[in-house]
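Residues per chain, in single letters:
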Amino acid sequence: MVECSVWRGVIEVESRSQYDIIDVTGMVEGAVASSGVKRGLVNVYVPHTTAGVIVNEAEPGLLEDILEMLRSLTRPGHEWRHNRVDNNAHAHLGQVLTGPAKTIPVEDGKLLLGTWQRILLVEMDGPRTRRIIVTVSGLA
Amino acid sequence: MVECSVWRGVIEVESRSQYDIIDVTGMVEGAVASSGVKRGLVNVYVPHTTAGVIVNEAEPGLLEDILEMLRSLTRPGHEWRHNRVDNNAHAHLGQVLTGPAKTIPVEDGKLLLGTWQRILLVEMDGPRTRRIIVTVSGLA
Amino acid sequence: MVECSVWRGVIEVESRSQYDIIDVTGMVEGAVASSGVKRGLVNVYVPHTTAGVIVNEAEPGLLEDILEMLRSLTRPGHEWRHNRVDNNAHAHLGQVLTGPAKTIPVEDGKLLLGTWQRILLVEMDGPRTRRIIVTVSGLA
């Protein structure tokens, strides 16, 4: 009999610099395999306000382009009000644009990522330890 | 025996000006508690095209910075084509950037928000009454 | 007895030009009706890195405004590093801003979209065939 299941795991990663992008696809694939869920969805969530999650291609030049675009839209040198409290307004603003999470379909126990899609943690206020909460829900 | 559950609720809030950010975390926490779901996800969705939902820090200066950034990216003074129909293209464009919803993990009947994370409704065409559809799904 | 269900379908659409927006609401509504799910959520996901999914109004002038904004934020004429590999960095960057998916509530077997909300595929590197993975989960 098919049963409904919700599996939960937490992954930790270390970012290496103020701005960094870390490919976490392999870790999320491992979590999905561990979950026993065959058909459903995986939610990849960072409980942070200065790092986000995107799904895109991991070509090295593009990863630099993504960070350049985020900097151009969030202007680290601008006199943001939040910088009177903590000098990282640009990183909060970048998380508003990328979002804290992505939800990806799972079929036959595997992620339905497109050919070029990778799950990427976008660090904008590193280096730091970052947590990723992985929730796999669906039919086991 | 553990059972699969989907709980649905609707919250209404009043925005106070054209641009406004409203912290709805407490209301979503109440909905999650009411749902009886112990492990799962909560989807916080606004059925609107000129208001969005983000998850970030509720520091007052930062909230103004977020609105300033959204204005700078969506240019309320620009001659957008939609303004011939309704003078709020900037608000639609801001919703495209923030998105209408966020999905957040739930464990032990509580939101797994990070230390600084708050659930924020972003009003860009107020003041208005806004609806928030809350869906809590998972294991009861 | 109420049962938990996860339904999966794939839709294909053809974009007509480099930048294009396609209203896929009707197709998603059909998928939700087919699924038999009465209360739950539908995840609309594109397995692509140069097209995204948004939920907004389908007024023709606004659709052009959305594409104009995305072009202004992602600058197709800029010398992005990724353009040495493939001349479409702007499209990848636009997908980072729109996201590959949206999740929408379902009640009584119908989408809980707001009055003006439509589900829109945003093409930024067409014309092409694009796939949309639809996952409907909840109580049947």
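Residues numbered from 1 in each chain as written. Chains lettered and ligands numbered in written order. Predicted model: local features only at pLDDT ≥ 70, side-chain atom pairs only at ≥ 80, totals over all residues. Heavy atoms only, no water.

A few points about the relation of the copies chain B and chain A
To keep it simple, the criterion reads: The least-squares superposition of copies is restricted to C-alpha atoms, and to residues with a pLDDT of at least 70 in both copies. Residue contacts are defined here by distance: any two heavy atoms, one from each residue, within 4.5 Å place the two residues in contact.
The two copies are related by a screw motion: chain B maps onto chain A through a turn of 120° and a shift of 0.0 Å along the axis, at an RMSD of 0.0 Å. Considering both components of the superposition, the chain copies are consistent with a three-fold axis. Taken together, the interface assignments show that only 9% of the residues at the interface of chain B recur at the interface of chain A, consistent with different surfaces on the two copies.

So, the interface of chain B and chain A
The line we're drawing: Once two parts are brought into contact, the accessible area they lose, counted with a 1.4 Å probe and summed over both, makes up the buried area. A side-chain nitrogen of Lys or Arg and a carboxyl oxygen of Asp or Glu constitute a salt bridge if their distance falls within 4 Å. Any pair of N or O atoms that falls within 3.5 Å is considered a polar contact. Within protein, one atom must be able to donate a hydrogen and the other to accept it, and sequence-neighbouring residues count only if both atoms are side-chain atoms. Helix and strand definitions here come from DSSP, where helices need a minimum of 4 consecutive H or I residues and strands a minimum of 2 consecutive E residues; each element is numbered from the N-terminal end. Residues were grouped as follows: Ala, Val, Leu, Ile, Met, Phe, Trp, Tyr, Cys and Pro as nonpolar; Asp, Glu, Lys and Arg as charged; and all remaining residues, including Gly, as polar.
Contact with chain B, which involves 33 residues of that partner, is made by 29 residues of chain A. A combined buried area of about 2600 Å² lies between chain B and chain A, and 62% of that area is made up of carbon and sulfur atoms. On the surface where chain B and chain A come into contact, there are four salt bridges. Arg8 of chain A is the partner of Glu107 of chain B in a salt bridge, and the nearest nitrogen-oxygen pair spans 2.7 Å. Inspection of the region where chain B meets chain A yields 17 residue pairs in polar contact (both at pLDDT 80 or more). Looking at the side of chain B that touches chain A, the elements with two or more residues in it are strand S3 (39–45), strand S4 (51–56), helix H2 (60–74), helix H3 (89–98), strand S5 (101–107) and strand S8 (129–139) of chain B. The element contributing the most residues to the side of chain B that touches chain A is H2 of chain B, with nine residues. Looking at side-chain class alone, the side of chain B that touches chain A contains 16 nonpolar, nine polar and eight charged residues.

Quick look at unusual backbone geometry
Residues and elements named next belong to chain A. For clarity, the threshold we go by: Think of it in three bands: with a 1.4 Å probe and only protein chains considered, a residue is buried below 20% of the maximum accessible area for its type, exposed above 50%, and partly exposed in between.
In this model, Gly126 is joined to Pro127 through a cis peptide bond whose omega is -5°. Within the secondary structure, Pro127 sits in the loop between strand S7 (118–123) and strand S8 (129–139). One non-glycine residue, Asp108, lies in the positive phi region at around 55°. With respect to the secondary-structure elements, Asp108 resides in the loop between strand S5 (101–107) and strand S6 (110–111). By relative accessible area, Asp108 is classed as exposed at 62%.

What about the relation of the copies chain C and chain B?
Mapping chain C onto chain B leaves a residual RMSD of 0.0 Å; the transformation is a rotation of 120° accompanied by 0.0 Å of translation along its axis. Each copy contacts the other with its own distinct surface, as only 9% of the interface residues of chain C are interface residues in chain B too.

Notes on the packing of aromatic side chains
Rules: Two rings from Phe, Tyr or Trp (for Trp, the six-membered ring) form a pair when their centres are within 6.5 Å of each other. A pair whose planes differ by under 30 degrees is stacked, one over 60 is edge-to-face, and the rest are tilted. Only Lys NZ and Arg CZ are tested; either one counts as a charge over a ring when it is within 6 Å of the ring centre and within 35 degrees of the ring normal.
Here the structure, examined in full by the defined rule, presents zero aromatic pairs over all chains. Lying over the aromatic face of Tyr19 of chain B, Arg71 of chain B brings its terminal NZ or CZ to 4.9 Å of the ring centre.

Here we look at the sheet that holds strand S7 (residues 118–123) of chain C
Adjacent strands of a sheet form backbone hydrogen bonds with each other and so pair up, either parallel or antiparallel. Residues and elements named next belong to chain C. As a reminder, the rule being used: By this definition, two strands are paired if DSSP reports at least two bridges between them. Geometry is summarised by axes, namely lines fitted to C-alpha atoms with helices restricted to the contacting stretch, and by angles between N-to-C directions that run from 0 to 180 degrees.
Spatially, S2-S7-S4 is the arrangement adopted by the three strands of the open sheet, whose pairing is antiparallel. Each edge of the open sheet is held by one strand with a lone partner, namely strand S2 (20–23) and strand S4 (51–56). The mean inter-strand angle of the sheet, taken between neighbouring strand axes irrespective of direction, is 30°. Here S4 runs beside S7; their pairing, made up of six bridges, is antiparallel.

Description of the interface of chain C and chain B
Facing 33 residues of chain C, the contacting portion of chain B comprises 28 residues. When chain C packs against chain B, close to 2600 Å² is buried across both sides, 62% of that on carbon and sulfur atoms. At the junction of chain C with chain B, the criterion picks out four salt bridges. The salt bridge involving Arg81 of chain B is made with Glu68 of chain C; its shortest N-O contact spans 2.9 Å. The interface formed by chain C and chain B includes 17 residue pairs in polar contact (both at pLDDT 80 or more). Only strand S3 (39–45), S4, helix H2 (60–74), helix H3 (89–98), strand S5 (101–107) and strand S8 (129–139) of chain C provide two or more residues apiece to the side of chain C that touches chain B. The greatest single-element share of the side of chain C that touches chain B, amounting to nine residues, is contributed by H2 of chain C. In terms of residue class, the side of chain C that touches chain B is built from 16 nonpolar, nine polar and eight charged.

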